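These are the residues of each chain, in order.
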Amino acid sequence: MAAPAPAPARPGPPELGPAPPDRAARPSVTCSPGTAPAPARAISADPAAGKPGDPDCGALRPHLRRMPTSEKALGQARSSSPGMTPNTCCCSRGAVQRRLPILAWLPSYSVQWLKMDVIAGLSVGLTVIPQALAYAEVAGLPPQYGLYSAFMGCFVYFFLGTSRDVTLGPTAIMSLLVSFYTFHEPAYAVLLAFLSGCIQLVMGFLRLGFLLDFISCPVIKGFTSAATVTIGFGQIKNLLGLQNIPRQFFLQVYHTFLSLGETRVGDAVLGLVCMVLLLVLKLMRDHVPPLHPETPPGVRLSHGLVWVATTARNALVVSFSALMAYSFEVTGCQPFVLTGETAEGLPPVRTPPFSVTTANGTISFTRMVQDMGAGLAVVPLMGLLESIAVAKAFASQNNYRVDANQELLAIGLTNVLGSFVSSYPVTGSFGRTAVNAQSGVCTPAGGLVTGALVLLSLNYLTSQFYYIPKAALAAVIIMAVAPLFDAKIFRTLWRVKRLDLLPLCVTFLLCFWEVQYGILAGALLSVLMLLHAVARPHTQVSEGPVIVLQPASGLHFPAVEALREAILSRALEASPPRCVVLECTHVCSVDYTVVLGLGELLRDFHRRGVRMVFAGLQVPVLRALLSADLKGFQYFSTVEEAEKYLRQEPGTQPYNVSKDSVLEHKVALLED
């Protein structure tokens, strides 16, 4: 996604800035690279095999750092990770505010904020109405379903949202996914919203938001770029007035080029004119200079009119096209393909359809779930990913924080409740969130205005949607998704890390075939690359009479064999065999398999009459190795001390420490 445009300065709740600490900081053990304070002598788990030392156990205590303080304000009230607040009551004021962020900012709400929120809500409302109609076309559903999906998120996010900028509703990417998995059947789309919301709620309550971290940025960029191409090209048929074009991408491309001779001139001209108007208005919006306090009233009025026209450009262009189509309809000559009949009135409140009756019989709930298949995983995950990415982008820009798990609850409840009013799955909209931020929104209360505007349009304007040309809606969609295609990412990854181009390209290409295959393949490739780095960590080797090996990252069980081969080939297979110092500054934890592998290495070195010693061990690693009672295990605080010890003549005993002192040290360290 493109980076959000800077938003103008606006009044906001004073709590949005950094809040003072409201509770004592808690200590936590750090695992950053660095050696634990250690004595300048060796520690041996086997007194007979080594030269034990007598360190000061107090110097081996973990470093402490202060944890971030809790925040009380909107965008900063976030729950701590599990285990961080063991004594916090679930009914405390802070806990309630984390679950209902509205309580953090509503007591301080002011008339000035109300003014800004109303302006922002109207701006977003004028943007979402034409977009919702257009995105319903992308989802393969009747136009009214776009509006049915556009208001519930406004009301739910008012209570549960942690970002003042985010707006929930139909988006281009989510609409594309809905079209893939619901077969253009409204009943399937509504049930998918309900089931996706349930999955998202469960993830929120179980705090599973971290799972999204395994979908890397190249995978996301590959998916969004492919979706942009798919959505954009899918609107060419409406832009040119072509009929009977299939929806499968490759067939769509073939039949579109095959049918170019059937292009309707009226639709093509209108579509291109709308695209040019939208582009010009967007450029004007991006280059409108800010007002100064001493600006004359006339200039202020002109500035306001330009701002309204450019911000509501989608509504302006669609209204202009509808008036033109109505004028032609009155004359009896209609050069455009129109949207057609749209169901009037508000959506009925009813339970989601758990079965569907067709001419061939009744489709059961189980069959519907089987038909949607992978969509039950792809839709909720991509909805969460898109919404949280939008929230974090604008939170970073506007200097506040969001709670990812609370966002899961907000979007999950939106989809569940939305399914009762015939909504299809929704998520955070990047484009409308940018409009919201640039309009000066102060709190999520702006969503109430947006939701009310959508409900009013459903109740009073649906009969007028008949005259909206499909070419105009196609222009709105194409101009909305165009910024999502990030052409620079290919060049950036080529400069930064070329291997990341692999999941990007695999995801991008496979998404044209099946979205779930593209995302799954890209994510698996990213995980395999991560596992390869864990299994084969880079090891820095310093040759000499004593070999020093320094793993550049942690040691985990897949890396044991690679480390063993590296040490054996350089030390024991050489003639004569050489001693080794394993420098573990960057190793912050080891597992049981690693401990066993290191024990085998120590025995191999002992049989060949040379030594392998350790240096720079962090406290958790030292505890694990001492607990294992490895025969021949020796530890030094620095590489220099280890090399100095290994270069001594055989038989010298510079570290004469009694067996009892080693035992006392081990007991103290293990109990620490």
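Scroll up a little and you will see the structure.
Along each chain, numbering runs from 1 in the same order as the chain's sequence is written. Local features in a predicted model are, by the rule used here, given only for residues with pLDDT of at least 70; side-chain atom pairs are given and counted only at 80 or more, and totals for whole chains, interfaces and linings are based on all residues. The side-chain numbers reported here are obtained from all heavy atoms of the structure, hydrogens and water having been left aside.

Working definition: helices are DSSP H or I runs of at least four residues, strands are E runs of at least two. Numbering for both runs from the N terminus. Helix and strand counts for the protein come out as 27 helices and 12 strands. Throughout, exposure labels follow a simple rule: accessible area from a 1.4 Å probe, protein chains only, divided by the maximum for the residue type, with under 20% read as buried, over 50% as exposed, and the rest as partly exposed. Evaluated residue by residue, the protein yields a buried proportion of 51% over its 672 residues.

Now for empty space enclosed by the protein. The definitions used throughout rest on a 1 Å grid laid over the protein atoms alone, on which a cavity is an enclosed set of points accommodating a 1.4 Å probe that cannot get out and a pocket is an open set flanked by protein within 12 Å on both sides along at least five of seven lines; lining residues are those having an atom within 4 Å of a point. Grid points are joined across faces, edges and corners, and a volume is the space filled by probe spheres set on the points. Counted according to the given criterion, the structure contains six cavities of 30 Å³ or more. Considering only enclosed or pocket space, the largest cavity measures out at about 80 Å³ in volume. If you go around the largest cavity, you meet 13 residues; those closest to its centre are Val 166, Thr 167, Asn 436, Pro 444 and Gly 447. Contributions of two or more residues to the lining of the largest cavity are made by helix 5 (152-160) and helix 18 (446-460). No other element matches helix 5, which puts three residues into the lining of the largest cavity. Taken together, the residues of the lining of the largest cavity break down into six nonpolar, six polar and one charged. All amino acids are sorted into three groups, where Ala, Val, Leu, Ile, Met, Phe, Trp, Tyr, Cys and Pro are nonpolar, Asp, Glu, Lys and Arg are charged, and the leftover types, Gly among them, are polar.

In this section: unusual backbone geometry. Put simply, Ser 575 and Pro 576 share a cis peptide bond, and its omega is -5°. Along the chain, Pro 576 turns up in the loop between helix 23 (560-572) and strand 10 (579-583). Positive phi outside glycine occurs at Ser 422, with the angle close to 65°. Although it is not a glycine, Asp 629 adopts a positive phi angle of roughly 55°. Tracing the chain through its elements places Asp 629 in the loop between helix 25 (619-627) and strand 12 (634-636). You can call Asp 629 partly exposed: its relative accessible area is 49%.

What follows covers helix 13 (residues 313-331). Structural remark: α-helix, 3.6 residues per turn; residues separated by three or four positions point the same way. Helix length check: helix 13 (19 residues) gives 27 Å between terminal C-alpha atoms against 27 Å at 1.5 Å per residue, within 8%. Taken together, the buried positions of helix 13 are occupied by Arg 313, Asn 314, Ala 315, Val 317, Val 318, Ser 321, Ala 322 and Ala 325. For helix 13, the secondary structure elements touched by its buried residues are helix 3 (111-139), helix 11 (265-287), helix 12 (297-311) and helix 19 (470-481). In the segment just after helix 13, Gly 332 is the residue with positive phi, at about 90°. The span one expects for a helix is its residue count, reduced by one, times 1.5 Å. Residue contacts are counted whenever heavy atoms from the two residues lie within 4.5 Å of one another.

Let's shift gears to the pattern of salt bridges. By salt bridge we mean one thing: a side-chain nitrogen of Lys or Arg within 4 Å of a carboxyl oxygen of Asp or Glu. Across all of its chains, the model carries 10 salt bridges by this definition. The salt bridge partner of Glu 543 is Arg 570, with a shortest N-O separation of 3.9 Å. Of this pair, Glu 543 sits in the loop between strand 8 (539-542) and strand 9 (546-551) while Arg 570 sits in helix 23, and the two are 27 residues apart along the sequence. In this structure, the salt-bridge partner of Arg 647 is Glu 643, at a minimum N-O distance of 3.9 Å. Connected through salt bridges with shared partners, the residues Arg 564, Glu 600, Asp 604 and Arg 607 form a single ionic network.

Quick look at the pairing of strand 11 (residues 612-615) now. Residues of strand 11 alternate between two faces, with Met 612 and Phe 614 on one and Val 613 and Ala 615 on the opposite face, all of them buried. Pairing between strands requires that DSSP locate at least two bridges from one strand to the other. Direction of pairing for strand 10 relative to strand 11: parallel, over a ladder of four bridges. In the strand pairing of strand 11, Leu 582 is matched with Phe 614. The handedness rule is simple: strands pointing away from the viewer, and a clockwise path from the first strand over the helix to the second, make the crossover right-handed. Viewed along the sheet, the connection from strand 10 through helix 24 (residues 592-608) into strand 11 turns out right-handed. Between strand 11 and its parallel partner strand 12, the chain crosses via helix 25, and the hand of that crossover is right-handed.

On the surface, a nonpolar cluster with roughly 420 Å² of combined accessible area is contributed by Val 265, Val 269, Val 273, Leu 277 and Phe 320. Looking at which element gives the most residues to the nonpolar patch, the answer is helix 11, with four residues. One can find Leu 277 in helix 11. Using a relative accessible area of 35% as the deciding quantity, one classes Leu 277 as partly exposed. What goes into a patch is any residue over 30% in relative accessible area without a salt bridge, connected to like charges within 9 Å or, for nonpolar side chains (Val, Leu, Ile, Met, Phe, Trp, Tyr), within 5 Å. Where accessible areas are quoted, they stem from the Shrake-Rupley method and a 1.4 Å probe; at the residue level, only the protein chains shown are allowed to cover.

We now examine the pairing of strand 9. Burial of strand 9 is extensive: six of the six residues sit out of reach of the surface. With four bridges joining them, strand 8 and strand 9 adopt antiparallel strand pairing. In the strand pairing of strand 9, Gln 540 is matched with Gln 550. Counting the residues that bridge the hairpin from strand 8 to strand 9 gives three residues, and of these Gly 544 lies at a positive phi of roughly 160°. Bridging between strand 9 and strand 10 involves four bridges; their strand directions are parallel. If you follow Leu 549 over to strand 10, its bridge partner there is Leu 582. Read from strand 9 through helix 23 to strand 10, the crossover connection turns out right-handed.

A separate point is the environment of Pro 551. Within the element layout of this structure, Pro 551 appears in strand 9. It is 4.2 Å that separates the C-alpha atoms of Pro 551 and Thr 539, two residues lying 12 residues apart in sequence. In contact with Pro 551, other than residues within four places in its own chain, are His 538, Thr 539, Leu 582, Glu 583, His 586 and Val 587.

In terms of nonpolar packing, the biggest core is built from 103 residues, with Leu 147, Leu 177, Phe 223, Tyr 424 and Val 454 touching the most fellow members. The element best represented in this core is helix 15 (residues 375-397), accounting for 11 residues. Residue contacts for Leu 177: discarding those within four places in its chain leaves Phe 223, Val 378, Val 379, Met 382 and Val 515. Side-chain atoms within 4.5 Å link the members of a nonpolar core, which is a set of buried Ala, Val, Leu, Ile, Met, Phe, Trp, Tyr and Cys residues. Ile 547, Val 548, Ala 571 and Val 595 belong to the second-largest nonpolar core, a separate cluster that totals 44 residues.

Structurally, Val 128 is set in helix 3. In sequence terms Val 128 and Thr 171 are 43 residues apart; their C-alpha atoms lie 9.6 Å from each other. Ignoring anything within four residues of it in the chain, the contact list for Val 128 reads Ala 150, Arg 432, Thr 450 and Val 454.

With that settled, the discussion passes to the packing of helix 20 (residues 488-496) against helix 21 (residues 501-510). Between N-to-C directions, angles span 0 to 180 degrees; the directions come from axes that are lines fitted to C-alpha atoms, helices contributing only their stretch in contact. Look at helix 20 against helix 21: their axes get within 10 Å of each other, and the N-to-C directions meet at 155°. Taken together, the axes of helix 20 and helix 21 are roughly antiparallel relative to one another. In this structure, helix 20 uses Ile 489, Phe 490, Leu 493 and Trp 494 to contact helix 21, whose residues at the interface are Leu 501, Leu 504 and Cys 505. Residue composition of the contact of helix 20 with helix 21, by class: seven nonpolar, no polar and no charged. Roughly parallel means an angle under 35 degrees; roughly antiparallel, over 145; roughly perpendicular, 65 to 115; everything else is oblique.

A few words on the packing of aromatic side chains. A pair of Phe, Tyr and Trp rings is counted when the ring centres sit within 6.5 Å of each other, with Trp represented by its six-membered ring. The angle between the planes then sorts it: under 30 degrees is stacked, over 60 is edge-to-face, the rest tilted. For the structure on display, the rule yields 23 aromatic pairs. Ring plane angle 80° and centroid distance 5.7 Å describe the contact between Trp 105 and Phe 158, whose orientation is recorded as edge-to-face. Linking Trp 105 in helix 2 (residues 102-105) with Phe 158 in helix 5, this pair joins segments that are 53 residues apart in sequence. You can call Trp 105 buried: its relative accessible area is 1%. Ring plane angle 85° and centroid distance 5.1 Å describe the contact between Tyr 326 and Tyr 467, whose orientation is recorded as edge-to-face. Residue Tyr 326 is found in helix 13, and its partner Tyr 467 is found in the loop between helix 18 and helix 19; the two are separated by 141 residues along the sequence. Under the relative-accessibility criterion, Tyr 326 is labelled partly exposed at 43%. Cluster of aromatic residues (ring-pair linked, three or more members): Phe 233, Phe 249, Phe 250, Phe 257, Phe 490, Phe 508 and Phe 512.

Shape is all these values report; function is a separate question.
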